[in-house]
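One-letter residues, chain by chain:
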Amino acid sequence: GAVVSQHPSRVICKSGTSVKIECRSLDFQATTMFWYRQFPKQSLMLMATSNEGSKATYEQGVEKDKFLINHASLTLSTLTVTSAHPEDSSFYICSARDVRGVTQYFGPGTRLTVL
Amino acid sequence: GNSVTQMEGPVTLSEEAFLTINCTYTATGYPSLFWYVQYPGEGLQLLLKATKADDKGSNKGFEATYRKETTSFHLEKGSVQVSDSAVYFCALSESYGNKLVFGAGTILRVKS
């Protein structure tokens, strides 16, 4: 149990286009989902906390208009990278916390490459 | 603020060697502590956790004990395997289930 999926696993796009990444909790309901960014050989940086049915809370330094987060249901959150540029290339990982508020479960990550 | 400090890697061991990866933390209140493992090209998997002082988390032969007096949560395994090669992250959550603060990660390489 406690499986989190992400789609797509890899995406390559041209500079200036927008990319949507989906995060789904497959066998549990997640009131809260988190989006992280991981640079090569570095730790995870929390970008935002997403609560179902409300606006996401962004960490300091993360552009809200650049990284749009939607958490429309208890099993789905999406991250849209708008007008992507090469510096947005990274590994994006989501996690989901179940409704009981215990452990975060992580998705397998999405590798974004912007040309 | 809250922070997690891990020993720098990479750590290179021979198969069946004893493993210790040090982790210390700074936090207000009483955090929950976690070890996550990341295999190449994959996301993070929860390895073990402890929610209060003196708790011992264990899984797949790995262990870590929550030491409040030394603010530590060192990861240990008695006999590592090649398949344990991965990046290990120590993390804390100030409120159980709340956002996680990660250490920098420690690369473990196990040679046969």
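Above: the structure in question.
On a predicted model such as this, the values are computed, not experimentally measured, just so you know.

Looking at this structure, I do not really get the overall build of chain A. What am I missing?
Within chain A one finds zero helices and eleven strands. For chain A, whose C-alpha radius of gyration is 13 Å, the value lies close to the compact-globule estimate of 13 Å for 115 residues. Reported as C-alpha extents along the three principal axes, the dimensions of chain A are approximately 40 × 25 × 25 Å. Per-residue burial for chain A yields a buried fraction of 51% across its 115 residues. Here chain A displays about 5,600 Å² of accessible surface, and carbon together with sulfur accounts for 51% of that area. Both charge centroids of chain A, one from 12 positive and one from 9 negative side chains, sit 5 Å from each other.

How should I be thinking about the overall build of chain B in this particular structure?
Of the regular secondary structure elements, chain B holds zero helices and twelve strands. Each helix and strand of chain B, ordered N terminal to C terminal, gives the series β-β-β-β-β-β-β-β-β-β-β-β. Against the globule reference of 13 Å for 112 residues, chain B gives a C-alpha radius of gyration of 13 Å, in line with a compact fold. Each principal axis of the C-alpha distribution contributes one length, and for chain B these read about 45 × 25 × 20 Å. The buried share of chain B, reckoned over its 112 residues, is 42%. Contacts spanning at least 24 positions in sequence make up 57% of the contacts within chain B whose residues lie at least 6 apart. When the accessible surface of chain B is split by element, carbon and sulfur atoms take 46% of a total near 5,400 Å². Averaged over its 10 positive side-chain charges, chain B has a centre that lies 3 Å from the centre of its 11 negative ones.

Help me out: how do you make sense of the interface of chain A and chain B in this one?
How big an interface is tends to be stated in terms of accessible area lost as the parts join. Contact with chain A, which involves 18 residues of that partner, is made by 17 residues of chain B. Approximately 1,300 Å² of surface area, both sides summed, lies buried where chain A meets chain B, with 57% of it carried by carbon and sulfur atoms. Among the residues chain A hides against chain B, the three largest losses belong to S43, T103 and F106 of chain A. Together they make up 32% of the total. If you look at where chain A meets chain B, you find one salt bridge. Two residues, E59 of chain A and K99 of chain B, come together in a salt bridge whose shortest N-O distance is 3.2 Å. Here chain A and chain B share five residue pairs in polar contact (both at pLDDT 80 or more) between them. Among the secondary structure elements, those contributing two or more residues to the side of chain A that touches chain B are strand 4 (30-38), strand 5 (44-51), strand 9 (90-98) and strand 10 (104-106) of chain A.

Got a minute to help me understand the pattern of salt bridges in this structure?
Pairing is possible between side chains that carry opposite charge, provided their charged atoms lie close to one another. Applying the stated criterion across every chain yields a total of six salt bridges over all chains. Note that E22 of chain A is salt-bridged to R24 of chain A, the shortest N-O span being 3.4 Å. Across the pair K77 of chain B and D84 of chain B runs a salt bridge, and its minimum N-O distance is 2.8 Å.

Which parts of the structure should I look at to understand the environment of S72 of chain B?
All names here are of chain B. You can see S72 is positioned in the loop between strand 8 (62-65) and strand 9 (75-77). For the pair S72 and Y88, spaced 16 residues apart in the sequence, the C-alpha separation amounts to 15 Å. Engagement of the side chain of S72 in a polar contact is seen with the side chain of T70, the distance being 2.8 Å.

I would appreciate a short explanation of the sheet that holds strand 1 (residues 4-7) of chain A in the present structure.
As a general point, the strands of a sheet are linked pairwise by backbone hydrogen bonds and lie either parallel or antiparallel. Residue and element names in this part refer to chain A. Taken in spatial order, the four strands line up as 1-3-8-7 in an open sheet, and their pairing is antiparallel. Across the chains shown, the open sheet's two edge strands, defined by having one partner strand only, are strand 1 and strand 7 (67-73). Across the sheet, the mean angle from the axis of one strand to that of its neighbour is 15°, orientation sign disregarded. Pairing analysis gives four bridges linking strand 1 to strand 3 (residues 19-25), with the strands arranged antiparallel. Counted as the bridge partner of V4 is S25 from strand 3.

Quick notes on the rules
- Residues numbered from 1 in each chain as written.
- Chains lettered and ligands numbered in written order.
- Predicted model: local features only at pLDDT ≥ 70, side-chain atom pairs only at ≥ 80, totals over all residues.
- Heavy atoms only, no water.
- Helix = DSSP H or I, 4+ residues; strand = E, 2+ residues; numbered from the N terminus.
- Rg over C-alpha atoms; globule rule 2.2 N^0.38 Å.
- Buried < 20%, exposed > 50% of the residue type's maximum accessible area, 1.4 Å probe, protein only.
- Areas by Shrake-Rupley, 256 points an atom, 1.4 Å probe, with all protein chains shown as cover.
- Lys, Arg positive; Asp, Glu negative; His and termini not counted.
- Charge placed at Lys NZ, Arg CZ, Asp CG, Glu CD.
- Contact = heavy atoms within 4.5 Å.
- Buried area = accessible area lost by both parts, 1.4 Å probe.
- Salt bridge = Lys/Arg side-chain N within 4 Å of Asp/Glu carboxyl O.
- Polar contact = N/O pair within 3.5 Å; in protein donor to acceptor, adjacent residues only side chain to side chain.
- Pairing = 2+ DSSP bridges.
- Axes fitted to C-alpha atoms, helices over the stretch in contact; angles between N-to-C directions.

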